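In case you want the letters, here they are:
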Amino acid sequence: MLINNEADIKSSEITSEQDYLNRRQFMKFSALATAGFVLKNNLLWAADDSEKYHRLNNVVTSRFSTSEEKNSWDDITTYNNFYEFGTAKDDPADNAHTLKPKPWKVEISGHCKKPGSYDVDDLIKQNQLEERIYRLRCVEAWSMVIPWVGIPLKSIIDRVEPTSKAKFIEMTTLYDPKQMPGQNSYVLQWPYVEGLRLDEASNPLTILAVGLYGRVLPNQNGAPIRLIVPWKYGFKSVKSIVSIKFVEKMPRNTWNIAAPHEYGFYANVNPGVDHPRWSQARERRLGEFFKRETLMFNGYGDQVAHMYKDLDLKKWF
Ligand SMILES: Nc1nc2c(c(=O)[nH]1)N[C@H]1C(S)=C(S)[C@@H](COP(=O)(O)O)O[C@H]1N2
Ligand SMILES: [Mo]
């Protein structure tokens, strides 16, 4: 049909206001993206600041890595959540220089046979470091692909020998408002705490990260040591850890304390369970325009689904 008189145009063919706005946004975005592309290509030889960070030695690659395209060093180190340094995404990169990540000790306590104070440099020397390229899915529906360097948490758990009373572990961020000025205001209850069931903590995918892109962690990413649990929303992955405690009861976690109806203990990535204020079905990969579907357990179901076969994931969100 080449010619339409107005009456023939069905209402469904008329661009709705929402579509119109989306199209406008898309055109604006395309113009920006083209400008950004040109800029980026001209500046390709201008290095990022990764050279400032020490290279880690003896890192082996892991069979658990994804082959998806990695986000850039700049993406990973300038778009962060680390409320101890401010609530905007670029605050941690601007403010985290006040953190002193060396020397650093992690206190391991609670129900285990070899509690004690463990120096991070010793942990790095005594354990095999692995590069693990993982997807990170934030609860705010953006995601990245990040080449972490880490130590399987299981190897540290085995070394300190938890007793039969140990059912969960609780991990805590440093509390020091001088180093972490965001702790002077009550945006969250400080220090930040998180927890895992012992089987989740012992899962082969769970690591303590000490680096990214082969170098020590920048402060804004949780230096010198932070948790990574790739099948859970980002907030489980507590940064700048000073304490790991084996406990009997399910610990509370910071975001659950802040808003219990919005953030549970498990926080497994689940496209079928929406956040009360937004859908979790889709996500935006940083650097991409179109959203993609969020995968159950962030795509790590083969490795982790068995741990939840008896759990109602709508109730235990
Ligand atoms: N101590 C502490 N750990 C934290 C947070 C925080 O605010 N404080 N934010 C969490 C959230 S919501 C996310 S998405 C990840 C972000 O990690 P990244 O900045 O290295 O990407 O860190 C998590 N760990
Ligand atoms: Mo997050």
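As a starting point, this report considers the structure included with it. Each chain has its residues counted from 1, following the order in which its sequence is written. Whichever chain is written first is A, and whichever ligand is written first is 1; the rest continue in order. Whole-chain, interface and lining totals are the exception, using all residues; otherwise, since this is a predicted model, local features are given only for residues with pLDDT of at least 70 and side-chain atom pairs are given and counted only at 80 or more. The side-chain figures draw on all heavy atoms in the structure; neither hydrogens nor water molecules are used.

1. Focus on the side chain of Thr294
No. 1: The residue Thr294 is located in the loop between strand S13 (292-293) and helix H8 (301-304) in this model.
No. 2: Exposure classes here rest on a 1.4 Å probe applied to the protein chains alone. A residue is buried below 20% of its type maximum, exposed above 50%, and partly exposed in between. Accessibility expressed as a relative area gives 6% for Thr294, which makes it buried.
No. 3: Here a polar contact is taken to be a pair of N or O atoms separated by no more than 3.5 Å, where protein atoms must pair a possible hydrogen donor with a possible acceptor and residues adjacent in sequence count only if both atoms sit in side chains. Polar side-chain contacts of Thr294 include one of 3.0 Å to the side chain of Arg137.
No. 4: Residues are treated as being in contact if the distance between any of their heavy atoms lies within 4.5 Å. Discounting residues that sit within four places of it in the chain, Thr294 has contacts with Arg137, Val269, Pro271, Gln280, Ala281, Arg282 and Glu283. Under the scheme used here, helices are H or I runs from DSSP no shorter than 4 residues and strands are E runs no shorter than 2 residues, and both carry numbers assigned from the N terminus.

2. Section: the environment of Met171
No. 1: For Met171, the position within the fold is in strand S6 (residues 168-173).
No. 2: Measuring from C-alpha to C-alpha, the distance between Met171 and Gly195 comes to 6.0 Å, with 24 residues separating the pair along the chain.
No. 3: When neighbours within four sequence positions are excluded, Met171 is seen to be in contact with Leu153, Tyr192, Val193, Glu194, Leu227, Val238, Ile241, Ser243 and Ile244.

3. A word on the sheet that holds strand S11 (residues 241-247)
No. 1: The pairing criterion is simple: DSSP has to find at least two bridges between the two strands. On the basis of which strands lie adjacent, the open sheet formed by five strands has the order S3-S2-S11-S6-S7 and mixed pairing. Only two strands of the sheet have a single neighbouring strand rather than two, namely strand S3 (116-119) and strand S7 (193-197). This sheet shows a mean twist of 20 degrees between the axes of neighbouring strands, independent of strand direction.
No. 2: Pairing analysis gives four bridges linking strand S2 (residues 105-110) to S3, with the strands arranged antiparallel. Its bridge partner lying in S3, Glu107 is registered against Ser117. Geometry is summarised by axes, namely lines fitted to C-alpha atoms with helices restricted to the contacting stretch, and by angles between N-to-C directions that run from 0 to 180 degrees.

4. Describing the pattern of salt bridges
No. 1: A pair is scored as a salt bridge if a Lys or Arg side-chain nitrogen falls within 4 Å of a carboxyl oxygen belonging to Asp or Glu. Scanning all chains against the criterion turns up 18 salt bridges.
No. 2: The structure contains a network of salt bridges with shared partners spanning Glu68, Arg135, Arg137, Glu283, Arg285, Glu288 and Arg292.

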